[in-house]
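Chain by chain, the residues run as shown.
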Amino acid sequence: MSSERAELVERILGGSRALSTETVMFHTAIAERSGLSAVESKVADYLARFGPQTPKALSQLSGLAPASITALIDRLVDKGIVARKPHPEDRRKVLIEIDGAMMASAAPMWDHLVRRVREACEGYSDVELETVLRFLADATAITHESTELITKNQGTPRDR
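Residues numbered from 1 in each chain as written. Predicted model: local features only at pLDDT ≥ 70, side-chain atom pairs only at ≥ 80, totals over all residues. Heavy atoms only, no water.

> Quick one: what's the story with the packing of helix α3 (residues 55-62) against helix α4 (residues 66-78), residue by residue and with numbers?
Remark: α3 packs on α4, axes separated minimally by 9 Å, with the N-to-C direction vectors making an angle of 115°. When the axis of α3 is compared with that of α4, the two are roughly perpendicular. When the axes of α3 and α4 are compared, the crossing they make is right-handed. Along its contact with α3, which presents Pro55, Leu58, Ser59 and Ser62, the element α4 presents Pro66, Ile69 and Ile73. (Axes fitted to C-alpha atoms, helices over the stretch in contact; angles between N-to-C directions. Helix = DSSP H or I, 4+ residues; strand = E, 2+ residues; numbered from the N terminus. Parallel < 35°, antiparallel > 145°, perpendicular 65-115°, else oblique. Left-handed = near helix turned anticlockwise from the far one by under 90°. Contact = heavy atoms within 4.5 Å.)

Listed below in structure tokens is the structure:
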């Protein structure tokens, strides 16, 4: 790898780290405003994006251990954020469903961020946006894999 390419990769890693930190801080602020922990807020986001899920599916989506998800669901039920509903196709299962009013009340907190990201996208060509999308998909998958490695006691990502 050339030194110029190595420098670009290091800048990507640094930029990703900075974005990750700012994202965590943003989500923490939203979570606190909503009376949730950051993790509770993000699991609620999975439900908002993907619809009702089984606890097992939430564990898979989040990369968190099933016991952690069960305790988290209990907290969200106690806070009135989600409800357990019977699974329509398998009576042995339950679906976790987010409260629509809670979603609606949180939506305005996203307005500034969404508007500014849309504005930022205007400065990129369609080809550049496709590259950004590919990178985001790759980075998301790698981050999810890394979460699973840590939370499922399989060692650190370096061990793989």
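Here the narrative resumes, following the displayed structure.
> Outline a nonpolar patch on the surface, supporting the account with residue identities and numerical values.
On the surface, Ile12, Val132, Leu133, Phe135 and Leu136 cluster together into a nonpolar patch covering about 430 Å² of accessible area. Ranked by the residues each element gives to the nonpolar patch, the list is headed by helix α7 (residues 126-151), at four residues. When you line up the elements, Phe135 lands in helix α7. Taking the relative accessible area as the measure of exposure, Phe135 reaches 37% and is therefore partly exposed. (Patch = residues over 30% accessible without salt bridge, like charges linked within 9 Å, V, L, I, M, F, W, Y side chains within 5 Å. Areas by Shrake-Rupley, 256 points an atom, 1.4 Å probe, with all protein chains shown as cover. Salt bridge = Lys/Arg side-chain N within 4 Å of Asp/Glu carboxyl O. Buried < 20%, exposed > 50% of the residue type's maximum accessible area, 1.4 Å probe, protein only.)

> Provide a residue-level description of the packing of aromatic side chains, including the pertinent values.
This model, assessed by the stated rule, comprises two aromatic pairs. The interplanar angle of 80° and the centroid separation of 5.1 Å between the aromatic rings of Phe26 and Trp110 together place this pair among those described as edge-to-face. Residue Phe26 is found in helix α1 (residues 3-34), and its partner Trp110 is found in the loop between α5 (100-106) and α6 (111-121); the two are separated by 84 residues along the sequence. A relative accessible area of 23% places Phe26 in the partly exposed class. Judged by its relative accessible area of 27%, Trp110 falls in the partly exposed class. Taken together, a centroid distance of 6.3 Å and an interplanar angle of 20° make the contact between Tyr46 and Phe50 stacked. (Phe/Tyr/Trp six-rings, centres within 6.5 Å; stacked < 30°, edge-to-face > 60°.)

The values reported here are purely geometric and, on their own, carry no functional implication.
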